[in-house]
Amino acid sequence: MPRTSTTIGNSHLVIDTAVARPAATTIVERKGLGHPDTLADHLAERLSRAYSRHTIARFGAVLHHNFDKLALLGGASEVRYGAGRMTAPIRVLVNGRAAPMCGGEPVPVEEIVEAEVRAFFDERLPEVSEHLDIVFNITSNSSPGAVLTGDDVPDRTRWFNPRSIEDLRERRVRLSNDTSLGTGWAPENTFESFVRELVNHFSGDSEFTRTHAWCGSDVKLMGYWDGEKADVVLCVPQKSRFVASRAEYVRNAESVLAECHRLAALRLPGAEAWFRLNARDVPEKDELYLTYTGSSIESGDEGVVGRGNRVNGLITPLRPMNLEGANGKNPVYHVGKLYNIAARRLAERLHEATGEHAEVHLVSATGQRLDQPWRVLVRLSSPDAETDKVQALVEETLGEFPALTDELVSDGIVLS
């Protein structure tokens, strides 16, 4: 396996070529839009973007914040054929930090958060929008490193209470906030793309969900693929007020399976495909994936940022990945967010340039320049990739971090 090692600024770049292509065997999981972990991810990211837009509009910069420790604690519900109701609220634990003011002018953090939480659930799970208990656990404490040596106030303590945006260090130079990493690879195989499409088809806006009001959004899929055969375990809830009987539930489930086979024939032509739906159901005992809201968040389940889909929208244990929860992190300098997005983009560009599999790892050292990762590892299946072209793509991607922040804040990037 040929290896090239060089430097770009303060980054150590290693390029491996002729690495083995990924095996056909694939294990892939995806959690749908109504899954509690996906709800937590998407809500945390929504809060970060709303806070960022407010502070940009008012002060001209993204103030320091992070909402990536947000959690949802499930409520309670009663479910009957043709009916249902919430009996206990969902608790939204807004955990994190946010600058409460700049230059003495308050930032209405709680007002921003509450408005976004309620708007989010109005859109995603309207049945629970009146059954929310929002708990604010937001501080403005500074990170470690503010050592007192006299009467002067350490600069670090002003990060979450700046006198003006000039107190924000990233206005001068963007430094990595942590020692962490981002991981990306390309291309997806046919089955990975099929899994994303199938889950989105049942949990998002599609012709199927528009014509089947009983279809809930807390969809989850685990799939196994050997290159020729697909074996899938899939959960798709039904909304109780649109399901009048056990027999109707069973008929609806049959229509989901029929749709799975229809899409498999289109996306996996010539392949065998097996589907198991709602494997825990015991119809004769009326133990069914029947819900009031279409999500298990209504009845005791929990959602936590970072436990769900990776930045590419999939969970792929046989592919390189990391455990960073990107949603809700500060879009200016949090490497756990920015490096995962950048690594994925770089891998896609390298795949386009070489026509082969590409894998990228960006590793930060806390306090080092954001655009100069401590380590950059590029692994390519192509045996004859041109080093100078690879290096040029690395430099191009690393030069995009200010623009990447703008994309995130303006909703130009979808995470998970």
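Predicted model, so just to flag it, every value in this text is computed and none were measured.

A.B. asks: Please clarify how helix 7 (residues 387-398) should be interpreted in this entry.
C.D. replies: Helical periodicity: at 3.6 residues per turn, an α-helix aligns residues three or four positions apart in one direction. Over its 12 residues, helix 7 extends 16 Å from the first C-alpha to the last, a length consistent with the 16 Å expected when each residue adds 1.5 Å. Looking at the buried side of helix 7, the elements it contacts are strand 1 (3-8), strand 2 (11-16), helix 6 (335-354), strand 19 (358-363), strand 20 (375-380) and helix 8 (401-409).

A.B. asks: What am I meant to see in the sheet that holds strand 20 here?
C.D. replies: The strands making up a sheet associate through backbone hydrogen bonding, with each pair oriented either parallel or antiparallel. Taken in spatial order, the 5 strands of this open sheet run 1-2-20-19-12, and their pairing is mixed. Looking at strand neighbours, the two that pair on one side only are strand 1 and strand 12 (181-186), the edges of this open sheet. Within the sheet, the average angular offset between the axes of one strand and its neighbour, ignoring direction, is 10°. In terms of strand pairing, strand 2 meets strand 20 through 5 bridges, oriented parallel.

A.B. asks: Looking at this structure, how should I read the packing of aromatic side chains?
C.D. replies: Two descriptors summarise a pair of aromatic rings, namely the distance from one centre to the other and the angle between the planes of the rings. Applying the stated rule across the entire model yields 8 aromatic pairs. Aromatic side chains F191 and F194 sit 6.3 Å apart centroid to centroid with 35° between the ring planes, which places their arrangement in the tilted category. Here F191 pairs with F194, and both are found in helix 3 (residues 190-203), just 3 residues apart, close to one helical turn. Within the aromatic cluster, the residues linked to one another by ring pairs are F191, F194, W225 and F275. A cation over an aromatic ring shows up here: R319 above the ring of W185, its NZ or CZ 4.0 Å from the ring centre.

A.B. asks: Please explain unusual backbone geometry as it appears in this structure.
C.D. replies: For residues other than glycine, phi is negative in most cases, and the peptide bonds are mostly trans. A186 connects to P187 through a cis peptide bond whose omega is 0°. Assignment of secondary structure puts P187 in the loop between strand 12 and helix 3. One non-glycine residue, A18, adopts positive backbone phi at about 60°. Mapped onto the elements of the fold, A18 is located in the loop between strand 2 and strand 3 (26-31). Backbone geometry places S416, a non-glycine residue, at a positive phi of 55°. Within the fold, S416 resides in the segment after helix 8. What makes S416 buried here is its relative accessible area of 9%.

A.B. asks: Teacher, can you tell me more about the state of the cysteines here?
C.D. replies: By definition, a disulfide links two cysteine residues through a covalent bond between their sulfur atoms. Applying the stated criterion to the full structure yields 0 disulfides. With no disulfide partner, C260 has as its closest neighbouring cysteine sulfur the one in C215, 10.0 Å distant. Taking the relative accessible area as the measure of exposure, C260 reaches 0% and is therefore buried.

A.B. asks: Can you help me understand the pairing of strand 20 in this one?
C.D. replies: Two faces make up the sheet, and in a regular strand the side chains alternate between them. Of the two faces of strand 20, the one lined by V376, V378 and L380 is fully buried and the one lined by R375, L377 and R379 carries no buried residue. Bridge analysis of strand 19 against strand 20 gives 6 bridges, and the strand direction is antiparallel. Paired with V360 across the bridge in strand 20 is V378.

A.B. asks: What am I meant to see in the pairing of strand 12 here?
C.D. replies: Here strand 12 lies mainly inside the structure; 5 of its 6 residues are buried. Looking at chain direction, strand 12 and strand 19 are connected through 6 bridges and run antiparallel. Each residue of the ladder has a partner; that of A186, found in strand 19, is A358.

A.B. asks: What am I meant to see in helix 1 (residues 36-59) here?
C.D. replies: Given a rise of 1.5 Å per residue, 24 residues ought to cover 34 Å, and the 34 Å separating the end C-alpha atoms of helix 1 matches this to within 8%. In terms of burial, helix 1 is largely enclosed, as 18 of its 24 residues are buried. Once helix 1 ends, the next one or two residues include G60, with phi positive near 90°.

A.B. asks: Would you explain the pattern of salt bridges in this entry?
C.D. replies: Once their charged atoms are close, side chains differing in charge can pair, the charge on each being opposite to the other. In total, this model carries 36 salt bridges according to the counting rule given. Two residues, R262 and E259, come together in a salt bridge whose shortest N-O distance is 2.8 Å. One end of the pair is R262 and the other is E259, both in helix 5 (residues 246-267) and 3 residues apart, which spans about a single turn. Classification of R262 as partly exposed rests on a relative accessible area of 41%.

A.B. asks: What is the right way to read the packing of helix 6 against helix 7 from this model?
C.D. replies: The angle between the axes and the distance between the axes are what describe a pair of packed helices. Their axes nearest at 10 Å, the elements helix 6 and helix 7 cross at an angle of 150°. Put simply, helix 6 runs roughly antiparallel to helix 7. For the pair helix 6 and helix 7, the crossing hand works out as right-handed. Contact residues: helix 6 offers A342, L346, R349, L350 and A353, while helix 7 offers V390, L393, V394, E396 and T397. Of the residues that constitute the contact of helix 6 with helix 7, the class distribution is 7 nonpolar, 1 polar and 2 charged.

Scoring rules and cut-offs
Residues numbered from 1 in each chain as written. Predicted model: local features only at pLDDT ≥ 70, side-chain atom pairs only at ≥ 80, totals over all residues. Heavy atoms only, no water. Helix = DSSP H or I, 4+ residues; strand = E, 2+ residues; numbered from the N terminus. Expected span 1.5 Å × (residues − 1). Contact = heavy atoms within 4.5 Å. Pairing = 2+ DSSP bridges. Axes fitted to C-alpha atoms, helices over the stretch in contact; angles between N-to-C directions. Phe/Tyr/Trp six-rings, centres within 6.5 Å; stacked < 30°, edge-to-face > 60°. Lys NZ or Arg CZ within 6 Å of the ring centre and 35° of its normal. Buried < 20%, exposed > 50% of the residue type's maximum accessible area, 1.4 Å probe, protein only. Disulfide = S-S within 2.5 Å. Salt bridge = Lys/Arg side-chain N within 4 Å of Asp/Glu carboxyl O. Parallel < 35°, antiparallel > 145°, perpendicular 65-115°, else oblique. Left-handed = near helix turned anticlockwise from the far one by under 90°. Nonpolar A, V, L, I, M, F, W, Y, C, P; charged D, E, K, R; others polar.

The quantities given are spatial measurements derived from coordinates; they are silent on function.
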